[in-house]
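Each chain, letter by letter, is given below.
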Amino acid sequence: MSLLVVYDETGNFLWLEKDHQAISQKLRDMGVLFERWSIKPVKGQEDILSAYQDDIQRINETFHFISVDVASITPDHPKKEELRNMFLKEHTHSDFEVRFFIEGRGTFYLHLQDKVYAVVCEEGDLISVPAGTPHWFDMGKNPHFTAIRFFTIPEGWVANFTGSNISEVIPDHDSIVSSWLTS
Ligand SMILES: [Fe+2]
């Protein structure tokens, strides 16, 4: 189940939303695209990209992306801690960050005005982080996900770190999952 958990900037819980349509509407109001796509039973980068060709083309036409790839990580990855830490500090990009989760889970934290919107994404979820939005991503201590990533220009996806330590005071992906999701 996808979740939206909202915190104040000191990590106090404010509210929780479990209904996908309600999450989508709330995020849309803030310029964040959050869609549910149907999942197709395919594995491997080539097969994934061809199975989702129509959806990918629609997104590419909307946002003018020029390339896509497939990122995948499992709990036995030797560099899982290093990879997790790469995205765990608050940062911005000069480009949209768009991910479509094919399997597994990960949490995007969007810092909008004086609140943090933690969006637990699972298979079937597409999320866009608008350019310039402070955010971070937590895949958890035992990461498991496969996601399609969309790109315009390679340098657009470079992380510009804000220097804020806010991600340390907001509950992490594993805490949210253990608090609100049973599996
Ligand atoms: Fe990012």
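If you're wondering where the values come from, they're calculated on a predicted model, not measured in any experiment.

**What to know about the nonpolar core**
Ranked by size, the top nonpolar core spans 21 residues in total, and within it L27, F101, L110, V119 and I127 carry the most contacts. Contributions of two or more residues to this core are made by β1 (3-8), α1 (20-29), β6 (97-112), β7 (115-122), β8 (125-129) and β10 (144-151). Broken down by element, this core gets its largest block of residues, 4 residues, from β6. Residue contacts for V119: discarding those within four places in its chain leaves L3, L4, L27, F34, G106, T107, F108, L110 and I127.

**Side note on the coordination of the iron ion**
Looking at the iron ion, one finds its protein donor set to be H91 (NE2), H93 (NE2), E97 (OE) and H135 (NE2), positioned 2.1 to 2.2 Å from the metal centre. The motif formed by the donor residues of the iron ion, counted along the single chain, is H-x1-H-x3-E-x37-H. With a relative accessible area of 4%, E97 lands in the buried category.

**Some points on the layout of surface pockets**
Any empty space left between atoms is shown by rolling a water-sized probe over those atoms. Estimated volume of the largest pocket: approximately 240 Å³. Elements with a minimum of two residues in the lining of the largest pocket: β4 (67-73), β6 and β10. For the lining of the largest pocket, the per-class residue count stands at 11 nonpolar, 2 polar and 3 charged.

**Observations regarding the pattern of salt bridges**
Per the stated rule, a full pass over the model turns up 12 salt bridges. The shortest N-O distance in the salt bridge between E35 and R58 comes to 3.6 Å. Of the two residues, E35 is situated in strand β3 (residues 34-36) and R58 in helix α3 (residues 53-63); the sequence distance between them amounts to 23 residues. Accessibility expressed as a relative area gives 37% for R58, which makes it partly exposed. For E168, the salt bridge is made with K89, and the minimal N-O distance between the two is 2.8 Å. On the criterion of sequence distance, the pair formed by E168 in the loop between β11 (160-161) and α5 (173-180) and K89 in the loop between α4 (80-86) and β5 (91-92) is long-range, its members being 79 residues apart. Residue K89 is classed as partly exposed on the basis of its relative accessible area of 35%.

Rules used throughout
Residues numbered from 1 in each chain as written. Predicted model: local features only at pLDDT ≥ 70, side-chain atom pairs only at ≥ 80, totals over all residues. Heavy atoms only, no water. Core = buried A, V, L, I, M, F, W, Y, C linked by side-chain atoms within 4.5 Å. Buried < 20%, exposed > 50% of the residue type's maximum accessible area, 1.4 Å probe, protein only. Helix = DSSP H or I, 4+ residues; strand = E, 2+ residues; numbered from the N terminus. Contact = heavy atoms within 4.5 Å. Donors = N, O, S within 2.8 Å, 3.2 Å for Na, K, Ca; no water. 1 Å grid on protein atoms, 1.4 Å probe; cavity = no way out; pocket = protein on both sides within 12 Å on 5 of 7 lines; lining within 4 Å. Points joined across faces, edges and corners; volume = space filled by probe spheres on them. Nonpolar A, V, L, I, M, F, W, Y, C, P; charged D, E, K, R; others polar. Salt bridge = Lys/Arg side-chain N within 4 Å of Asp/Glu carboxyl O.

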